[in-house]
Amino acid sequence: MEYRQLGASGLHVPVLSFGTATFGGGNEFFKAWGNTQLNEAKQLINLCLDAGVNFFDTANVYSHGVSEEILGQALEGLRNKVLISTKATFPMGSGPNDFGSSRFHLLEQAEASLRRLKTDHIDIYHLHGFDGNTPVEETLKALDDLITSGKVRYIACSNFSGWHLMKSLSVSERYGWARYIAHQAYYSLLDREFEWELMPLGIDQNVSTIVWSPLASGQLGGKFRRGQPIPQDNRRSQGGSHGPETNMERLYTIVDALDEVAEETGKSVAQVALNWVLQRPTVANIIIGARNEEQLKQNLEAVGWNLNIEQIKKLDAASEIPAVYPYWHQRQNTKLNPLPNFYK
């Protein structure tokens, strides 16, 4: 297993982490992701550890805390061998203080996550989204206090826009508080908008990317095929997906290119799609999920080899999307606004 340094920190993480949103199946949305219970969770975790994946990602909102509870029970006796990431910000109740990134909510939710996870510290604590109602200073001071108290080791964010992240980094620098070392972001061959601003920001500010949904809710897993019925046994068809409505012709064009590269490499379509993400600038880690052992074993085979530059360029060409303003304007003069170096 390859390990990469996470942003402007001394922490090294495996390039794959295991996402536990499939644990619990607490409502219809999360049942579409999976319904993994404790015994199977232990088996999946042991498979991960055998492969060198010691990084596990969850969130308080996943099945309303059940994912954290199952992960905490499954990791009993293993805590000193693993890294745990969890998140807060999204609603955990109906009250006016049951959501957001206020000091009140973050401190309350951090304590609740620690109890459910059966641990005394969280290795990486994410804001699950940006809270435009709470002053950034209040949020970052609360997170810095969690680090000072020893309850959190590092902080990261998720689903921020460029100005959200840059303002937060500036405030942290101004007051000498802990800064975000990573941004957990939506990125795949099907959804490449991350490259327009967030990737250049990550390069400039040394903020690593942890990628969620690298297979675009399973659409890049090999089951969606031109001329065939849309499969119904997947997360998107069952109401558990994220993202805008898919342009199916574009999806099929990408899958056609993935098929070609898969044949050249002897790998599966999903493995090729995951490996492409791992070779993009700023990417330190991708979160893989699995409903069962076979899916997990397949995803674990996405590492230990690399696509060549020509294969990457083929996939880039098939998945290219027109940029929106101001990015199309900036790309008219790449001497002033150089693109990330995708082909080292």
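Worth saying up front: this structure is predicted, and the values here are computed from it rather than measured.

Comments concerning the nonpolar core
Argument step 1. Judged by nonpolar contacts, the single largest core of 60 residues is most densely connected at L16, L220, L258, L296 and L315.
Argument step 2. Looking at this core element by element, the count peaks at 8 residues for helix α9 (residues 269-278).
Argument step 3. Non-local contacts of L315, meaning those with residues more than four positions away in its chain, are made with L189, A257, L258, V261, V272, W276 and L307.
Argument step 4. In this structure, V136, L140, F160 and L201 belong to the second largest nonpolar core, which totals 24 residues.

Some thoughts on helix α5 (residues 136-148)
Residues that lie three or four places apart on an α-helix share one face, since the helix turns once every 3.6 residues.
Argument step 1. With 13 residues, α5 extends 18 Å from end C-alpha to end C-alpha; this agrees with the ideal 18 Å at 1.5 Å per step.
Argument step 2. Along α5, the positions that sit buried rather than exposed are V136, T139, L140, A142, L143, D144 and L146.
Argument step 3. Structurally, α5 contributes buried residues whose contacts are with α4 (103-117), β6 (122-127), β7 (152-158), α6 (162-175) and β8 (180-186).

Some remarks on the pairing of strand β5 (residues 83-88)
Argument step 1. Across the 6 residues that make up β5, a large majority, 6, are buried.
Argument step 2. Here strand β4 (residues 55-57) pairs with β5 via 3 bridges, running parallel. For D57, the partnering residue across the bridge sits in β5 and is S85.
Argument step 3. In the classification by handedness, the crossover that spans β4, the intervening helix α3 (residues 66-74) and the parallel β5 is right-handed.
Argument step 4. Bridge analysis of β5 against β6 gives 4 bridges, and the strand direction is parallel. Paired with K87 across the bridge in β6 is H126.

Overview of the packing of aromatic side chains
Argument step 1. Enumeration over the complete set of coordinates arrives at 12 aromatic pairs.
Argument step 2. Judged by centre distance (5.8 Å) and plane angle (85 degrees), the rings of F160 and Y180 are edge-to-face. Within this pair, whereas F160 is found in the loop between β7 and α6, its partner Y180 is found in strand β8, the two being separated by 20 residues in sequence.
Argument step 3. The buried category is assigned to Y180, whose relative accessible area is 1%.

Section: unusual backbone geometry
Argument step 1. Of note, the amide linkage connecting Y325 to P326 takes the cis form, showing an omega dihedral of 5 degrees.
Argument step 2. Relative to the elements of secondary structure, P326 occurs in the loop between α11 (309-319) and α12 (327-330).
Argument step 3. Positive phi values are uncommon outside glycine, yet N206 reaches one of about 55 degrees.
Argument step 4. On the secondary structure map, N206 appears in the loop between α7 (198-205) and β9 (208-212).
Argument step 5. Exposure remark for N206: the relative accessible area of 42% places this residue in the partly exposed category.
Argument step 6. Phi at A216 takes a positive value of approximately 50 degrees, unusual for a residue other than glycine.
Argument step 7. Relative to the helices and strands, A216 resides in the loop between β9 and α8 (248-265).

What to know about the sheet that holds β9
Argument step 1. Around the barrel, which closes on itself, the 8 strands sit in the order β3-β4-β5-β6-β7-β8-β9-β10 with parallel pairing between neighbours. On average, adjacent strands in this sheet sit at an angle of 30 degrees to one another, irrespective of strand direction.
Argument step 2. Pairing of strand β3 (residues 16-19) with strand β10 (residues 283-288), which is carried by 3 bridges, proceeds in the parallel orientation. Looking across to β10, one finds that F18 is bridged to I288.

Some words on α6
Argument step 1. With 14 residues, α6 extends 20 Å between its outermost C-alpha atoms, agreeing within 8% with the 20 Å of an ideal straight helix rising 1.5 Å per residue.
Argument step 2. For α6, the full list of buried residues reads G162, H164, L165, S168, L169, V171 and S172.
Argument step 3. At the C-terminal side of α6, G176 shows a positive phi close to 70 degrees.

The rules behind these values
Residues numbered from 1 in each chain as written. Predicted model: local features only at pLDDT ≥ 70, side-chain atom pairs only at ≥ 80, totals over all residues. Heavy atoms only, no water. Core = buried A, V, L, I, M, F, W, Y, C linked by side-chain atoms within 4.5 Å. Buried < 20%, exposed > 50% of the residue type's maximum accessible area, 1.4 Å probe, protein only. Helix = DSSP H or I, 4+ residues; strand = E, 2+ residues; numbered from the N terminus. Contact = heavy atoms within 4.5 Å. Expected span 1.5 Å × (residues − 1). Pairing = 2+ DSSP bridges. Right-handed = clockwise from strand over helix to strand, strands pointing away. Phe/Tyr/Trp six-rings, centres within 6.5 Å; stacked < 30°, edge-to-face > 60°. Axes fitted to C-alpha atoms, helices over the stretch in contact; angles between N-to-C directions.

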